[in-house]
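Observations on the model geometry
Below, each chain spelled out in residue letters.
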Amino acid sequence: MVRQVTWMLSIVNMKDIEMSFVRQNTGSWHRDVPGARWFKADLHIHTIDDLEGKRAVVPKGITADLASDDAQAAYARRFLQSAVDNDVRILGITPHSPRLMKNPDVSAVWRIVEEWNQGIDDDGKPFREKIYAVFPGFEPALKQGSRGLHLIFLFDPEIGSELYFRLFDQIMGHVDPWRDNSLQVANLSASDAFATLNEFELSQNDLSKPEVARWSHLTLAPHIDGDKGLLKEQKAQILERFEHGQVAGLELGDEKLPEDTTKNRDWLRQGMDQYHQAFYHSSDAYAIEDIGKRHVWVKLASPRIAALRQAFIANESRIRIGFEKKESGELTGIGTPPDVTASDRRWLKSVQISEGASFFRSEKGDEPAVRFDFSPDLTCIIGGSMTGKSTLLDGLRVHVGAKLPHDERLRTQVESRASERFAAGSPRVELETPGQDPTAPVDERWPAEFHAQNELQRLAQEPDAIENILSGLANADIEGIAEREVTMGEFDRELTGLADRIAEIEDELGEIEQSRARSFLARQQLNAFAEAGVEELNALTAELNQWRETADNVKQLSNDLDKIAVSLQEDLFEIKESAVGDRLETGVVQQGGKFWRMLSEIATSLKRARSLFVETISANEIIIEDVTKRQNEKRVDVHRSLAERGYDGTKIKELQSLNSQASFLSIYDGNLAAVRSRLESLERSFGTMLEDRERTVATQREAFDVVMAALGQQFEQRIKAVRIDHGRCEPLGRWIKELGQRGITRWWNEHGNVRGYSPRQMVETLDSGDHQKIGMTDAVGKTFGDIMNKTLRRRLLALRCPDKYVIEMQLDDGNTRRIDDLSGGQRVSLLLSMALEVAVDRPLVIDQPEDELDNRFVYETVLPALKRLKGRRQIILATHSANFVVNGDADQVILLEASDDRSRVAISGAIEDPDVRDAIIRTVDGGDEAFKLRQIKYGF
């Protein structure tokens, strides 16, 4: 093949041609997004150079001679502005002819290249800061098949315009691309074209120094199923008849996705896998308005063809189809583009540490802060032992307030590294989270999920962790599952609260019923007393008490009268003895005699009154005796009547108390009705809530059934999940132990805990009496039945034992084992591969996931999952494994180096960077000699 094209190269004499393009670089693209980043690309765009074919469209407003400098400049600007307006950042300019109307000195392609490289847009910003890369190219019809085979060839602009035109002429075999408005077939076949390009590339580049390669090319196959496409005539024999490995990508039809194109074409998929080819969409635009109408997302760390070739080779992680199908079958743009700047995905761009005494403090005289730059996709942190990889991740974990390890020993290690090394001396830590509210809490701006060393292995023992991973898988109803989990927890709490409240109401009802019963009994006793004549007895008692009180008053008056009479006699005697009257005047003597007579009359009256009091007292005593007799006779009659009615006559003395109690009967009746109404309402609520919770549990199970089916399909049944209904029975176990019944506790330890019975099963067993069904002996069953009052039954029903999900993995020997029975490395592999499939966009940070991992499992399961995450979720790994860094196609690599008391970022960049490649070889591949030795031993 080389001999066939030697004459072509000698005529062109390409080595003597100087490059005519000097790239004006800009660093803004990777300052915005460190490392490799996603770009919207359209790699198949025609220009007005194809006007002869009558399909190219001149933009409105350009009326001058198209070959004039003004028209060419205006067209180039309009072309680039349309790309910017359509958010296209990578352009493949691929006309059938690179010259306008056969004019050897005019090319819209090259004018666009020059305008992109040096031109300024209307807003004063250079076009090269709005469009990442422009690749000049062409789309010849090669001498193959009945109508010619179309291929696209793209180049770095560094090829220069002269070589670019000459290569086109050479591939066409000096055939004019257009004749009479028809596209002409070249004189060279595809094989000849490949040979020409490959030998030319060899002549221009020193392959021993790839980092200084002058230029390279990329071949794509456009409209592969069209009548001039690669698959039209080649079909299944393409691998035998065509130099398939020369083609990097296959262009999909406008309304087709990869699965449509590979349907019933296993040979095509196999060939693409063999040659690391990728599908892509392009617009095939002839009008500038159509630029980007069909596009593909590509990830590049450099705006060069070599980087674009790497993207197609590593297409699992660097190529993303930009469309999905509607229900109608029509294609529409994907809802969430992988470009982090075009989405609201949360990611950490950088961490700056300054001040304090952190392990990452700057050296004296350096910049005041140590800065770590992260990719929004996969960042690998590498470095030797004790260089600070774990310290950085653990420090970030504590700083953002992320959930710490459940295992106490791991939690202590994380907290220790964070406090003693990362946060020593209270440094200033600044996190840059683009697109997020800078005033929001850091855990909202960057809600990362962390796994420390060996933490994944321990997650196998945490049911919540397994369930969280399952609920986040791609086919899961993530929001619905999360909402139902919250709802079920609320049901649990509300049912427990209702059970306690109902118990309180029942106690209150019992107290009211007892009080009401006492009041009712008092009323009954009062009625019996009334029928027995208690009122008459009470009347006689009242009458007797009145007569006794009268007697007491008369006696008191009699005594008082006696005292007055005695005193009066003493006064009369004293007056008589004093003979006062002998010394008084006549008139006065007359009044004194009158006074004497009056006192004497009073004395006589008091004597008669005393006699009457004696008679009154005697009469009163006769009356009292008569009333007492009648009272006693009535009391005997009352006691006899009460005894006949079953009441104790001695209670008569509590009549007042009974009256008081009986007076509350109507109040108790009202309270009893109100409390019963509340109780009935609460019981209805309890029953309704139980049913609602059961329905929610059933719906949740249905959602997880979908997840488990998808999990098995996604991992080709190598990884599966099974559900154990009510398997997390710790709540029931605690409740049983709180009963304090030895026999029941022993039954639980021996049977219930193993079998995982649910609270409802326990109640149903209690209702049916078939306690042997759950392994209870007759004695234990009787004890259980005896103690289970309504309150305990209700509290038991309020409990919920959540379902338990168990992961199973099929081993190489074909046997299936549960995660608990796997080795530590197998557990980590299993959980890591599942954690990477979670559909949520929370950033994931893992420290040394390779510990105890099986390399085959990593390569076959974990790495493909990592690659699928590109553009969807930020992943940060601290690792010593080249498997993750190289085969995982890291988008950003950070090399840490450390002295005794501080660490620094030695190198940071994308894997395409030669310095980064060297760092990877030194650090994770064991150095150049170790790498070369492996090459020799493996024979590659």
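See the structure shown above.
**Description of the overall build of the chain**
Each helix and strand counted, the chain has 32 helices and 27 strands in total. Here the chain holds 940 residues, and the buried ones make up 49% of them. A sequence separation of at least 24 residues applies to 75% of the contacts in the chain between residues at least 6 apart. Carbon together with sulfur atoms contributes 47% to the accessible area of the chain, which is approximately 45900 Å² in total.

**Comments concerning helix 14 (residues 408-422)**
Here helix 14 contains 15 residues, and its C-alpha end-to-end distance of 20 Å stays within 8% of the 21 Å for a straight helix at 1.5 Å per residue. Three or more residues of helix 14 are buried, namely Leu 410, Val 414, Ala 418 and Phe 422. The buried residues of helix 14 all sit within an arc of 65 degrees when viewed along its axis, so they share a single face. Projecting away from the buried face of helix 14 at angles above 90 degrees are the exposed residues Glu 408 and Glu 420. Against the buried residues of helix 14 lie strand 16 (350-354), helix 13 (389-399), strand 19 (428-432) and helix 16 (455-459). Its side-chain oxygen at 3.1 Å from the backbone nitrogen of Arg 409, Asp 407 defines the N-terminal cap of helix 14.

**Quick word on the packing of aromatic side chains**
Under the criterion given, the structure shown has 20 aromatic pairs. Taken together, a centroid distance of 5.7 Å and an interplanar angle of 70 degrees make the contact between Trp 29 and Phe 39 edge-to-face. Placement of the pair is Trp 29 in helix 2 (residues 28-32) and Phe 39 in strand 1 (residues 37-45), with a sequence separation of ten residues. What makes Trp 29 buried here is its relative accessible area of 7%. For Phe 39, a relative accessible area of 1% corresponds to the buried category. Where Phe 155 meets Tyr 164, the ring centres are 6.4 Å apart and the plane angle is 80 degrees; that geometry is what we call edge-to-face. Given a relative accessible area of 0%, Phe 155 falls into the buried group. Ring pairing ties together the aromatic residues Trp 110, Phe 138, Phe 153, Phe 155, Tyr 164, Phe 165, Phe 168, Phe 194 and Phe 242, which thus form one cluster. The ring of Phe 323 carries the charged tip of Arg 294 above its face, separated from the ring centre by 4.6 Å. Looking at Arg 421, its charged tip hangs above the ring of Phe 359, at a distance of 3.9 Å from the centre.

**Section: the sheet that holds strand 11 (residues 278-280)**
The mixed open sheet is built from nine strands, whose spatial order is 11-10-9-6-3-2-1-12-13. Lying at the two open borders of the sheet, with one neighbouring strand each, are strand 11 and strand 13 (319-321). Across the sheet, the mean angle separating the axes of adjacent strands is 30 degrees when strand polarity is ignored. For strand 1 and strand 2 (residues 90-93), the ladder comprises three bridges, and the chain directions are parallel.

**Quick word on the sheet that holds strand 17 (residues 369-373)**
Pairing within the open sheet is antiparallel, and its three strands lie in the order 17-16-19. Since the sheet does not close on itself, it has two edges, and those belong to strand 17 and strand 19, each with one partner. Between one strand axis and the next, the sheet turns by 15 degrees as a mean value, whatever way the strands run. Bridging between strand 16 and strand 19 involves five bridges; their strand directions are antiparallel. If you follow Ser 350 over to strand 19, its bridge partner there is Glu 432.

**Overview of empty space enclosed by the protein**
If you walk through the whole model with that rule in mind, you get two cavities of 30 Å³ or more. Its volume calculated, the second largest cavity comes out at about 70 Å³. In terms of lining, the second largest cavity is formed by twelve residues, of which the most central are Asn 454, Leu 456, Val 828, Gln 848 and Pro 849. Only helix 16 and strand 24 (844-847) provide two or more residues apiece to the lining of the second largest cavity. Looking at the lining of the second largest cavity element by element, the count peaks at three residues for helix 16.

**As for the nonpolar core**
By size, the foremost hydrophobic cluster in this structure holds 69 residues, and its most contacted members are Phe 79, Leu 91, Leu 151, Phe 153, Phe 155 and Leu 250. Dropping the residues within four chain positions of it, Leu 151 is found in contact with Phe 138, Glu 139, Pro 140, Leu 142, Ala 190, Phe 194, Thr 219, Leu 220, Ala 221, Pro 222 and Phe 242. Val 862, Leu 863, Ala 882 and Phe 884 belong to the second-largest nonpolar core, a separate cluster that totals 56 residues.

**Considering the pattern of salt bridges**
The final tally for this structure, using the stated rule, is 56 salt bridges. Here Arg 693 makes a salt bridge to Asp 492, at a shortest N to O gap of 2.8 Å. Linking Arg 693 in helix 22 (residues 665-714) with Asp 492 in helix 18 (residues 478-531), this pair joins segments that are 201 residues apart in sequence. In this structure, Arg 693 and Asp 492 share a single accessibility class: buried. Notably, a salt bridge pairs Glu 513 with Arg 676, separated by 3.1 Å at the nearest N-O pair. Of the two residues, Glu 513 sits in helix 18 while Arg 676 sits in helix 22, which places them 163 residues apart along the sequence.

**Some points on the layout of surface pockets**
What the second largest pocket holds in volume is close to 780 Å³. Lining the second largest pocket are 36 residues, with Lys 403, Glu 449, Asn 468, Ile 469 and Arg 842 positioned closest to its centre. Of all elements in the fold, only strand 20 (449-451), helix 16, helix 17 (463-471) and helix 18 reach the threshold of two or more residues within the lining of the second largest pocket. For the lining of the second largest pocket, the element with the highest residue contribution is helix 17, accounting for six residues. Taken together, the residues that form the lining of the second largest pocket break down as 18 nonpolar, seven polar and eleven charged.

**With respect to the packing of helix 13 against helix 14**
Between helix 13 and helix 14, the least distance of the axes is 8 Å, while the angle of their chain directions is 100 degrees. Classed by the angle they form, the pair helix 13 and helix 14 counts as roughly perpendicular. Note on element contacts: helix 14 touches helix 13 through Val 414, Arg 417, Ala 418, Arg 421 and Phe 422, opposite Ser 390, Thr 391, Leu 392, Asp 394, Gly 395, Leu 396, Arg 397, Val 398 and His 399.

**Considerations on the side chain of Thr 765**
Along the chain, Thr 765 falls in helix 25 (residues 759-768). Residues contacting Thr 765, with those up to four places away along its chain left out, are Asp 770, His 771 and Ile 774.

**Brief notes about the side chain of Glu 850**
Examined against the element boundaries, Glu 850 turns out to sit in the loop between strand 24 and helix 29 (855-869). Buried charge without a partner: Glu 850 forms no salt bridge, and the closest opposite charge is Lys 389, 7.8 Å away. One polar contact links Glu 850 to Thr 879, side chain to side chain, over a distance of 2.9 Å. Glu 850 has contacts with Ala 878, Thr 879, His 880, Ser 881 and Phe 884, leaving out every residue within four places of it along the chain.

Procedures and definitions
- Residues numbered from 1 in each chain as written.
- Predicted model: local features only at pLDDT ≥ 70, side-chain atom pairs only at ≥ 80, totals over all residues.
- Heavy atoms only, no water.
- Helix = DSSP H or I, 4+ residues; strand = E, 2+ residues; numbered from the N terminus.
- Buried < 20%, exposed > 50% of the residue type's maximum accessible area, 1.4 Å probe, protein only.
- Contact = heavy atoms within 4.5 Å.
- Areas by Shrake-Rupley, 256 points an atom, 1.4 Å probe, with all protein chains shown as cover.
- Expected span 1.5 Å × (residues − 1).
- Arc of directions from axis to C-beta.
- Polar contact = N/O pair within 3.5 Å; in protein donor to acceptor, adjacent residues only side chain to side chain.
- Phe/Tyr/Trp six-rings, centres within 6.5 Å; stacked < 30°, edge-to-face > 60°.
- Lys NZ or Arg CZ within 6 Å of the ring centre and 35° of its normal.
- Pairing = 2+ DSSP bridges.
- Axes fitted to C-alpha atoms, helices over the stretch in contact; angles between N-to-C directions.
- 1 Å grid on protein atoms, 1.4 Å probe; cavity = no way out; pocket = protein on both sides within 12 Å on 5 of 7 lines; lining within 4 Å.
- Points joined across faces, edges and corners; volume = space filled by probe spheres on them.
- Core = buried A, V, L, I, M, F, W, Y, C linked by side-chain atoms within 4.5 Å.
- Salt bridge = Lys/Arg side-chain N within 4 Å of Asp/Glu carboxyl O.
- Nonpolar A, V, L, I, M, F, W, Y, C, P; charged D, E, K, R; others polar.
- Parallel < 35°, antiparallel > 145°, perpendicular 65-115°, else oblique.
- Lys, Arg positive; Asp, Glu negative; His and termini not counted.

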